[in-house]
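Here's the letter readout for the chains.
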Amino acid sequence: MISHSFYTFLISLFILFSESSSKVAPDYIVPCPGLKSDCLKKNIQETIPLFVQGIPSLGINSSDPLLRDKVNLDLPGGLKIEFYDGVLTGFKKCIVDSVKYENLQAELDLHCNLNLKGKYRATGKVLLFSINGDGDAKIKAHDTYMNCKIRFEDRVRDGIEYREIKDYKVNYRHGQKVSFVFTNLFKGNPELSETVLNFLNENWKEILDEFGKPIIETIIRITFNGIKKFFHQVPKSEIYIE
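This report concerns the structure included in the present document.

Calculation rules
Residues numbered from 1 in each chain as written. Predicted model: local features only at pLDDT ≥ 70, side-chain atom pairs only at ≥ 80, totals over all residues. Heavy atoms only, no water. Salt bridge = Lys/Arg side-chain N within 4 Å of Asp/Glu carboxyl O. Helix = DSSP H or I, 4+ residues; strand = E, 2+ residues; numbered from the N terminus. Buried < 20%, exposed > 50% of the residue type's maximum accessible area, 1.4 Å probe, protein only. Core = buried A, V, L, I, M, F, W, Y, C linked by side-chain atoms within 4.5 Å.

Side note on the pattern of salt bridges
A side chain with one charge can pair with a side chain of the opposite charge if their charged atoms come near. Summed over all chains, the structure comprises 12 salt bridges. With its nearest N and O atoms 3.4 Å apart, the salt bridge here joins Lys236 to Asp154. Of the two residues, Lys236 sits in the loop between α4 (204–233) and β9 (240–241) while Asp154 sits in strand β6 (residues 129–157), which places them 82 residues apart along the sequence. The exposure class assigned to Asp154 is partly exposed, which follows from its relative accessible area of 33%. A salt bridge links Glu161 to Lys236, with the shortest nitrogen-to-oxygen separation between them at 3.7 Å. Of this pair, Glu161 sits in strand β7 (residues 160–174) while Lys236 sits in the loop between α4 and β9, placing them 75 residues apart in sequence. In this structure Glu161 comes out as partly exposed when scored by relative accessible area, which is 35%.

Right, dumping it as structure tokens:
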């Protein structure tokens, strides 16, 4: 005969399993009581290297490495660039500088070293140069500082409350020189390609003003799509302790 204590043990196991299996967020997501800045900064710093690997159970893809089959950009001056087989790395080592959260609004400051590698095809003009090339592309942006302002809103779906991202704004600046490597900028003319590449690197600030913004904003949009998906699917009770 099975004892009452054994039944109690089985029921306890069932309850424990049911509670753990119903949790949506990964185990590394730890709420901060009172949403204090020090706790948020520590938790976000510890979470970033894990979160950027992706969360397959929530349909969130990796953002480090961030893989894109193709990104088409129509840039000022009629320059058209197609990046493909692109790989962006660096988010997992971002440093969180400060975090504030109050009244459904968060502000996050961090800095990262980002590296983009892939293939490119480009036609059009960059400053004074007409470009018609394709080859390998590398862009290094070290000490990229980002200020992220995020507004949340509470929503209830099927009796469950979620705190979702309503909108966000990201401002950024580059603390160090951004370097470019583009092979074969001018098909069949390596000397001219090298000359123009040197010019691009010497005038990196003007180049970023010309076409860097659409590239960076595309990266930010792709990254925040994953973050928005997380808050859309994870109940508020698993993230926040007021």
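A few points about the nonpolar core
Counting 64 residues, the largest nonpolar core has Phe83, Phe91, Phe152, Phe180, Phe182, Leu185 and Phe230 as the members making the most contacts within it. Top contributing element to this core by residue count: α4, with 11 residues.

A few points about unusual backbone geometry
Excluding glycine, residues mostly have negative phi values, and the peptide bonds linking residues are mostly trans. At the junction of Asp64 and Pro65, the peptide bond is cis and its omega measures out at 5° in the coordinates. With respect to the helices, strands and loops of the structure, Pro65 is situated in the loop between α2 (37–51) and β2 (66–75). Even without being glycine, Leu35 reaches a positive phi, approximately 55°. In this structure, Leu35 sits in the loop between β1 (32–33) and α2. Within the chain, Asn103 stands out as a residue other than glycine whose phi angle is a positive 50°. Within the fold, Asn103 resides in the loop between β4 (95–102) and β5 (105–126). Owing to a relative accessible area of 64%, Asn103 belongs among the exposed residues under this scheme.

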